[in-house]
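Listed here are the chains, written in short residue letters.
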Amino acid sequence: MKKRMSVLISVLFVFTALLSACGGGNASGGDNGKKVINVALWDENVRDTLDKSIKIFNEKHPNVQVKVTYTPWADYWTKLKTSLAGNSGPDVYWMNGPNFHSYASSGLIKDLSPLIEQSGLDTSVYTEALVDMYTYQGKLHGLPYFQDSVGLFYNKELFDKAGLPYPDDTWTWETVEENAAKLTDKTNGIYGYITPIDSQIGYYNYIAQAGGFVISDDKKTSGFDTPEALSAFKWQQSLIEKGYSPNAQQQLETKSRQLFGSGKAAMFPGISVNSPELHKLLGDKLGVAVLPAGKEKASIVHGLSWAINGKTKVEQESWELIQILSGKEGQELLADSGFSMPAYKGTEGGWLKSIPSLDLQVFVDSLEFAVPYPVSQKTAEWQDAEVKEIQAAFLGKKTFEEALKNAGEQMNAILATETN
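Quick caveat, the model's predicted, so the values are computed rather than measured.

Thresholds applied
- Residues numbered from 1 in each chain as written.
- Predicted model: local features only at pLDDT ≥ 70, side-chain atom pairs only at ≥ 80, totals over all residues.
- Heavy atoms only, no water.
- Pairing = 2+ DSSP bridges.
- Helix = DSSP H or I, 4+ residues; strand = E, 2+ residues; numbered from the N terminus.
- Axes fitted to C-alpha atoms, helices over the stretch in contact; angles between N-to-C directions.
- Contact = heavy atoms within 4.5 Å.
- Buried < 20%, exposed > 50% of the residue type's maximum accessible area, 1.4 Å probe, protein only.
- Domains from an automatic or database assignment.
- Buried area = accessible area lost by both parts, 1.4 Å probe.
- Salt bridge = Lys/Arg side-chain N within 4 Å of Asp/Glu carboxyl O.
- Nonpolar A, V, L, I, M, F, W, Y, C, P; charged D, E, K, R; others polar.
- Phe/Tyr/Trp six-rings, centres within 6.5 Å; stacked < 30°, edge-to-face > 60°.
- Core = buried A, V, L, I, M, F, W, Y, C linked by side-chain atoms within 4.5 Å.

**Some words on the sheet that holds strand 8 (residues 267-271)**
Here we have 3 strands laid out as an open sheet, ordered 8-7-9, and antiparallel in their pairing. Of all the strands in the sheet, the pair left with one neighbour each is strand 8 and strand 9 (286-290). With strand direction ignored, the average angle separating the axes of adjacent strands in the sheet is 35 degrees. Taken together, the 5 bridges between strand 7 (residues 150-155) and strand 8 define a ladder with antiparallel strand orientation. Along strand 8, the bridge assignment pairs Phe 153 with Phe 268. Against the sheet, helix 9 (residues 199-209) contacts strand 7 and strand 8, and its axis sits at roughly 100 degrees relative to strand 8.

**Quick notes on the environment of Ala 210**
By the secondary structure assignment, Ala 210 is in the loop between helix 9 and helix 10 (227-241). Exposure remark for Ala 210: the relative accessible area of 3% places this residue in the buried category. A C-alpha to C-alpha distance of 35 Å links Ala 210 and Gly 327, two positions 117 residues apart in sequence.

**A few points about the pairing of strand 9**
Buried residues dominate strand 9, accounting for 5 of its 5 residues. The pairing of strand 7 with strand 9 spans 5 bridges and is classified as antiparallel. Bridge assignment links Leu 152 to a residue of strand 9, and that residue is Ala 289.

**What about unusual backbone geometry?**
Of note, Asn 87 is a non-glycine position whose phi angle comes to about 60 degrees, a positive value. Within the fold, Asn 87 resides in the loop between helix 3 (73-85) and strand 3 (92-95). Since its relative accessible area comes to 48%, Asn 87 is described here as partly exposed. Not every positive phi belongs to a glycine, and Lys 219 is a case in point at roughly 65 degrees. Summarising the element assignment, Lys 219 is placed in the loop between helix 9 and helix 10.

**Brief notes about the domain arrangement of the chain**
Domain assignment breaks the chain into domain 1 (35-147 + 302-367) and domain 2 (149-301 + 372-416). The centre of domain 1, based on its C-alpha atoms, is set 29 Å off from the matching centre of domain 2. Domain 1 puts 22 residues into the contact, and the matching count from domain 2 is 29 residues. Here domain 1 and domain 2 share an interface that buries about 2,000 Å² over both sides, 70% of which is from carbon and sulfur atoms. Counting across the interface, domain 1 meets domain 2 through 0 salt bridges. Put simply, the parts of the chain that give the side of domain 1 that touches domain 2 at least two residues each are helix 4 (97-105), helix 6 (128-133) and helix 17 (361-365). Taken together, the residues of the side of domain 1 that touches domain 2 sort by class into 13 nonpolar, 8 polar and 1 charged.

**Focus: the packing of aromatic side chains**
According to the stated counting rule, one finds 32 aromatic pairs in the structure shown. Centroid distance Tyr 76 to Trp 77: 4.9 Å. Interplanar angle 90 degrees. Geometry classified as edge-to-face. The pair Tyr 76 / Trp 77 is uniform in exposure class, with both members buried. Taken together, a centroid distance of 6.3 Å and an interplanar angle of 85 degrees make the contact between Trp 173 and Tyr 206 edge-to-face. With a gap of 33 residues between them, Trp 173 in helix 8 (residues 173-183) and Tyr 206 in helix 9 connect regions that are remote in the sequence. For the pair Trp 173 and Tyr 206, a shared accessibility class is recorded, and that class is buried. An aromatic cluster of at least three residues, connected via ring pairs, comprises Trp 42, Trp 73, Tyr 76, Trp 77, Trp 94, Tyr 103, Tyr 145, Phe 146, Trp 306 and Phe 339.

**Thoughts on the environment of Asp 169**
Of note, Asp 169 is situated in the loop between helix 7 (156-162) and helix 8. C-alpha of Asp 169 to C-alpha of Ile 300: the two residues are 131 residues apart in sequence and 16 Å apart in space. Not counting residues within four places of it along the chain, the set of residues in contact with Asp 169 comprises Val 290 and Lys 297.

**Comments concerning the nonpolar core**
Counting residues in each nonpolar core, the largest one holds 128 residues, and the members touching the most others are Tyr 93, Trp 94, Phe 224, Met 267 and Trp 306. Element by element, the count of residues in this core is highest for helix 19 (residues 400-415), at 7 residues. Sequence-distant contacts of Tyr 93, that is, excluding residues within four places in its chain, are made with Ala 40, Tyr 76, Leu 80, Leu 84, Tyr 103, Leu 108, Ile 109, Ser 305, Trp 306, Ala 307, Ile 308 and Asn 309.

The structure is reproduced here in structure tokens:
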């Protein structure tokens, strides 16, 4: 009898331990009975910075254990949504723009506004475009962590050989075209400019520069089927037709970053996070300027935020942690690592020095005319429709007029089914 009772107690103990291990947001279960905050993200390149920030947190909260799990991008979103929907999952996790509204509308992300009000946090220290991106129904649901803006990378050597001045903040679409014509060397297979068929570094920026929009502020209307959007694509198309830019098929076969990095193009719009890779390829030949203006200046800005599980059992502790991660101390650590441009204004000093030969200040300056990366509850669905139509037009399978009309109609139909 005693033996059976001992076995039963052991089984119950193991079962209880398993439940504690699987359930996110446990108030206990750490070493020596400490409270536990489970943290999830996908990029191990930020491990050292994160460890330093957690050390700062533990100095103030020695009775809280922070457990970090790194899951590769390919599996991250499936694992995250499944665990959160099952009332477990991490207490704190990385969130991006395209997925934000889907998670927020499902109650998987905690509304931070009561915590912000309680602590008196000043959210104006963050880039406004990111605050807008992570706001749902007028309430902030994520603290911005790092960000990317888009600039114009250029090859100094090719400009020098052509005897041309480097791009600067006075450039416009017309200046790009004039110089691309002079820099294009068809004999040696060198293009003056790469007009990307990509959205974030390409046409999202051009549409905004033409005075248009991808999605309306109220998330109800597509901006693809508008004269402004058409003018942006027509400009891209003209550069390809004139041979100043590689065409869509070439870009599908070889990534535009690789073409530029191999010296086959003089200019290339890219995001700030591309800087280390391109500098590794081109060294001191690499330069960067703000994006040339169309009717107006615009640069698409995206970035990640720290979100809190809507059902966490360690709400206050999780809030204290993300305040450090996204606060001045954590953001300075992030900048010093060179990983990416921090979202907290004025903390980017370390990041600006990470590539001494490159004027990374350009990307900070671009935040003055930042346009948030376009998102809504069903971003993935309408982007799928968008890409199919626009790629077909770039490949010459239909006109841009037809493609943009179709993209706009499909996007509007999807937006009409959203619940936020």
